[in-house]
Amino acid sequence: MSSPEHKQKIWNLISDIKNGMLTTRHGDELRSRPMVLVQDEYDGTLWFFTDLESEKVFELEDDNDVCVTFSDPHDHVYVSLTGTGRATQDKALIDRYWNSLIAAWFPEGKDSPNVGMLEIKINKGEHWNSDSSKMVKSIKTATAKAKGAKPDLGEHEKFGTR
């Protein structure tokens, strides 16, 4: 999919954001909900805890295509990652990523039968990173429009296949 350097770049963009919106398909509808990253590195797979009885798990059984978006408007960072998802109850992963924040969502503890993880394997994505303020963006946009060109509002990159 992407090089180790590119994966590190994606991780650098999303690691501080931590909260992403996971979008799944339910019939003809799209459904999104916030999820919290629990991993400490990115190798092309995202990991989230989930209740194995939740609707998102059942939605993944019908259609495992997903999108996860991360947004930090303050720092002008936006990331959209597309891939496939599946639920797992891998105890080694649960033990590895279990923490006090997750424990608050699962009062019966990590051995509860409904504790699981979502594995999201990323196959393509897109990111935007602009360190410009609104005023600078407005000036760049107006200048570009006057010149009949596209404004340079920062880094924008698409990656992946499929």
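In what follows, the structure referred to is the one given above.
Attention in this report is confined to the structure presented alongside it. Because the structure is predicted, anything quoted here is derived from the model rather than measured. (Residues numbered from 1 in each chain as written. Predicted model: local features only at pLDDT ≥ 70, side-chain atom pairs only at ≥ 80, totals over all residues. Heavy atoms only, no water.)

Description of the overall build of the protein
(1) Moving on: Counting its regular elements, the protein contains five helices and seven strands.
(2) Moving on: Looking at the 162 residues of the protein, the share that counts as buried comes to 40%.
(3) Moving on: For the protein, the share of sequence-separated contacts (at least 6 apart) that also reach a separation of at least 24 residues comes to 67%. (Helix = DSSP H or I, 4+ residues; strand = E, 2+ residues; numbered from the N terminus. Buried < 20%, exposed > 50% of the residue type's maximum accessible area, 1.4 Å probe, protein only. Contact = heavy atoms within 4.5 Å.)

Remarks on the nonpolar core
(1) Moving on: Counting 23 residues, the largest nonpolar core has Ile-14, Leu-46, Phe-48, Phe-70, Leu-81, Leu-118 and Ile-120 as its most contacted members.
(2) Moving on: Counting only elements with at least two residues in this core, the list comes to helix 1 (4–14), strand 3 (45–51), helix 2 (55–62), strand 4 (65–72), strand 5 (77–88) and strand 6 (115–129).
(3) Moving on: Residue contributions to this core peak at four residues, all from helix 1.
(4) Moving on: Residues Phe-49, Tyr-97, Ile-102 and Val-115 belong to the second largest nonpolar core, which totals ten residues. (Core = buried A, V, L, I, M, F, W, Y, C linked by side-chain atoms within 4.5 Å.)

Notes on helix 1
(1) Moving on: Of the positions making up helix 1, those classed as buried are His-6, Lys-7, Ile-10, Trp-11, Leu-13 and Ile-14. Taken end-on, helix 1 shows its buried residues confined to a sector of 160°, consistent with a single buried face. Set apart from the buried face of helix 1 by more than 90 degrees, the exposed residues are Pro-4 and Glu-5. (Arc of directions from axis to C-beta.)

Read these as spatial facts, not as claims about activity.
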